[in-house]
Amino acid sequence: MTETPIRTRFAPSPTGMFHVGGARSALFNWALAQQQPEGRMVLRIEDTDAARNRPEWTDGIIRAMSWIGIDENDPHFEGPYFQSAYVDKHRETAQELYRSGRAYYCDCTREQVQERRANQYLGYDGFCRERGLEPGPGRALRFRVPEGGPTVVRDQIRGDVEFDHASIEDFVIARADGSPLFVLANVLDDVEMRITHVIRGEEHLSNTPKQQLLWEALDLTPPVWAHLPVIVNEQRKKLSKRRDKVALESYQEEGYLAEAMINYLMLLGWAPGDDREIMPWSEMMPLFRVQDVNSSSAFFDEKKLRAFNGEYIRELSVEDFIERCQPWLTGEGTPWDAADYDAEAFAAVAPLAQSRVAVLSEIVPNVDFLFLKEPAEDEKSWRKAMKPGVGKEMVEAALARFADPELDWTADALKAATEETGATLGLKLGKAQAPVRVAVTGRTVGLPLFESLELLGRERVQARLEAALERLRAEEKAADQG
């Protein structure tokens, strides 16, 4: 018996940004589609809302999906299709449901329903069910929900979920002007596109019995349903774009690797087993089973994501790391002039930086001392390192020691010289090097100091020590006068 090809669909609404929850849904659909040679993931843009029908937003969805490995040129990808292209079919089917008696026209206003029910929270009361109204101005088309019994949604993740028909109002499927509502359009598009599996967020579960009733009214078998657990923040509240960082693009811009993001998103509600977490897509994809997804909410832990990303960064070859850092080193917004960037200098320091950054954007504060004409100004670092009785004295001593032409300008020799100089002031190496680091790099933390000094060169190091000493003397004079 030939296996029916899986056809999943991912149907985002254009919003100007790609939510990490949507990215998780897309990846779960993609994994399922890729498990069969003829499997397909259909991208359908829900663009019937004119305010959201902007081509650049659709392009943004496709770019974001491409970043997480869902390539529109892959044979398992189909689309994008646009819901607005099927409006005529939606209207036609709505009329078929009316002619068959599965839908009826209703001219009740919301205020009239609330007045009859004396409760603003109760749904429609079926007032027009038997009035026999024909199409006309102000008359919406409602689906006739069967009386008695439940609709059972067989969910791959949650099991059988029952919805009593008494709790489902006769819902509107088309407005008075004939335009279809989402609940009808969604079903008809799934029928048209031969969708076999619907894997989507938990928030859509409440719509599913209405959609299943429509499938049954059309004498068609509904797709396999699977509703993914909600993604929550540290307070165990659903991720919200108003208070949480939810745009996939923001993580990309910050320097998260696509491989790490894919890996992490796949673990939001599902696990490959064997207590493994760090795993490439090629290994996760064949293991994925939608029925193994947990129904409990999934915590989006950005700290864990950062840790994942750091692991992936450290696994890159140095050459690959250098290449991936280029947007932050040579693109717009760098704090140094383009002419001051030195590719050879960065290549020399890249292995040191690679072991220290968790996201690629952190490369800038780690290496800016190499390319800025003056070190970055960090007042907190300055105050911490340049304490009275330590800062000025150590900078003076280091300046004198480093000026010795007999001193080899190598990391080992500079470390020994700094240790010896600090000892004359009663300072251990950790305390002795702090004023030197801040004077030269502007910060108390960063790449290994002595390798940095070697790379920066004797002349530039001495100039920065002299500038720091001048500032310290000026601050000391001002304090005495104050």
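For clarity, every value in this text was computed on a predicted model and none was experimentally measured. (Residues numbered from 1 in each chain as written. Predicted model: local features only at pLDDT ≥ 70, side-chain atom pairs only at ≥ 80, totals over all residues. Heavy atoms only, no water.)

Q: In this structure, what is going on with the overall build of the protein chain? I would like to understand it.
A: Helix and strand content of the protein chain: 19 helices and 12 strands. Expected size for 482 residues packed as a compact globule is a radius of gyration near 23 Å; at 32 Å, the protein chain overshoots this value by more than 25%. Each principal axis of the C-alpha atoms in the protein chain carries an extent, and together these give about 100 × 60 × 40 Å. For the protein chain, buried positions account for 48% of its 482 residues. Partitioning the intrachain contacts of the protein chain with sequence separation of at least 6 by distance along the chain shows that 75% fall at a separation of at least 24. About 24100 Å² of surface is accessible on the protein chain, with carbon and sulfur atoms providing 48% of the total. Looking at the protein chain, you have 59 positive and 80 negative side-chain charges, and the mean spots of the two groups are 6 Å apart. (Helix = DSSP H or I, 4+ residues; strand = E, 2+ residues; numbered from the N terminus. Rg over C-alpha atoms; globule rule 2.2 N^0.38 Å. Buried < 20%, exposed > 50% of the residue type's maximum accessible area, 1.4 Å probe, protein only. Contact = heavy atoms within 4.5 Å. Areas by Shrake-Rupley, 256 points an atom, 1.4 Å probe, with all protein chains shown as cover. Lys, Arg positive; Asp, Glu negative; His and termini not counted. Charge placed at Lys NZ, Arg CZ, Asp CG, Glu CD.)

Q: Mind showing me how you'd approach the pattern of salt bridges here?
A: Opposite charge on two side chains permits pairing when their charged atoms draw close. In the structure shown here, the tally under the stated rule is 33 salt bridges. Between Asp107 and Arg131 there is a salt bridge; the shortest N-O distance is 2.9 Å. Within this pair, whereas Asp107 is found in the loop between β4 (103–106) and α4 (110–117), its partner Arg131 is found in the loop between α4 and β5 (140–143), the two being separated by 24 residues in sequence. The closest approach of N and O atoms between Asp170 and Arg129, which form a salt bridge, is 2.6 Å. With Asp170 in the loop between β7 (159–164) and β8 (172–174) and Arg129 in the loop between α4 and β5, the pair connects residues that are 41 residues apart, well separated along the chain. Look at the salt bridges and you will find they share partners, linking Arg9, Arg44, Glu46, Asp189 and Asp190 into a network. (Salt bridge = Lys/Arg side-chain N within 4 Å of Asp/Glu carboxyl O.)

Q: Just checking my understanding: could you explain the UniProt feature "binding site: Zn(2+)" (unreviewed entry) in the protein chain for this structure?
A: The UniProt entry lists Cys106, Cys108, Cys128 and Glu130 under the feature "binding site: Zn(2+)" (unreviewed entry), expressed in the numbering used here. Annotated residues spanning 25 residues; largest pairwise C-alpha distance 13.3 Å, indicating a single compact cluster. Looking at the secondary structure, you find Cys108 in the loop between β4 and α4. Judged by its relative accessible area of 14%, Cys108 falls in the buried class. Among all residues touching Cys108, those that are not within four sequence positions of it are Val113, Arg116, Tyr124, Phe127 and Cys128. (UniProt positions renumbered as here; feature names shortened; annotations may be inferred.)

Q: Looking at this structure, how should I read the state of the cysteines?
A: One covalent bond between the sulfur atoms of two cysteine residues makes up a disulfide. Under the definition given, this model contains zero disulfides. Free of any disulfide, Cys106 has its nearest neighbouring cysteine sulfur in Cys128, separated by 3.7 Å. The class for Cys106 is buried, based on a relative accessible area of 2%. In this model Cys128 remains outside any disulfide bridge; the closest cysteine sulfur is found in Cys108, 3.5 Å from its own. Residue Cys128 is classed as buried on the basis of its relative accessible area, which comes to 0%. (Disulfide = S-S within 2.5 Å.)

Q: Is there a simple way to explain the sheet that holds β4 in this structure?
A: Paired through backbone hydrogen bonds, the strands of a sheet run either parallel or antiparallel to each other. Taking strand neighbours across the sheet as the criterion, the three strands line up as β4-β5-β8 in an open arrangement whose pairing is antiparallel. Each end of this open sheet is capped by a strand with a single partner; those strands are β4 and β8. If you compare each strand with its neighbour and ignore which way they point, the axes differ by 45° on average. For β5 and β8, the ladder comprises two bridges, and the chain directions are antiparallel. In the sheet register, Leu141 faces β8, and the bridge partner there is Ala174. Strands in contact with helix α3 (residues 87–99) are β4, β5 and β8; relative to β4, the strand with the most contacts, it is inclined by about 95°. (Pairing = 2+ DSSP bridges. Axes fitted to C-alpha atoms, helices over the stretch in contact; angles between N-to-C directions.)

Q: What is the right way to look at the packing of helix α16 (residues 411–424) against helix α18 (residues 449–456) in this model?
A: Two packed helices can be described by the angle between their axes and the distance between those axes. Between α16 and α18, the shortest axis-to-axis distance is 8 Å and the interhelical angle comes to 120°. It follows that α16 is oblique to α18 by the angle criterion. Remark: the crossing between α16 and α18 carries right-handed chirality. The residues of α18 that touch α16, namely those facing Ala411, Leu414, Lys415 and Thr418, are Phe450, Glu451, Leu453 and Glu454. (Parallel < 35°, antiparallel > 145°, perpendicular 65-115°, else oblique. Left-handed = near helix turned anticlockwise from the far one by under 90°.)

Q: What is the right way to look at the pairing of β5 in this model?
A: Two faces, one strand: in a regular strand the side chains alternate between the faces of the sheet. Residues Ala140 and Arg142 line one face of β5 and the alternating positions Leu141 and Phe143 line the opposite face, and both faces are buried. In the sheet, β4 pairs with β5 via four bridges, with the strands oriented antiparallel. From the neighbouring strand, Tyr104 faces β5, where its bridge partner is Arg142.

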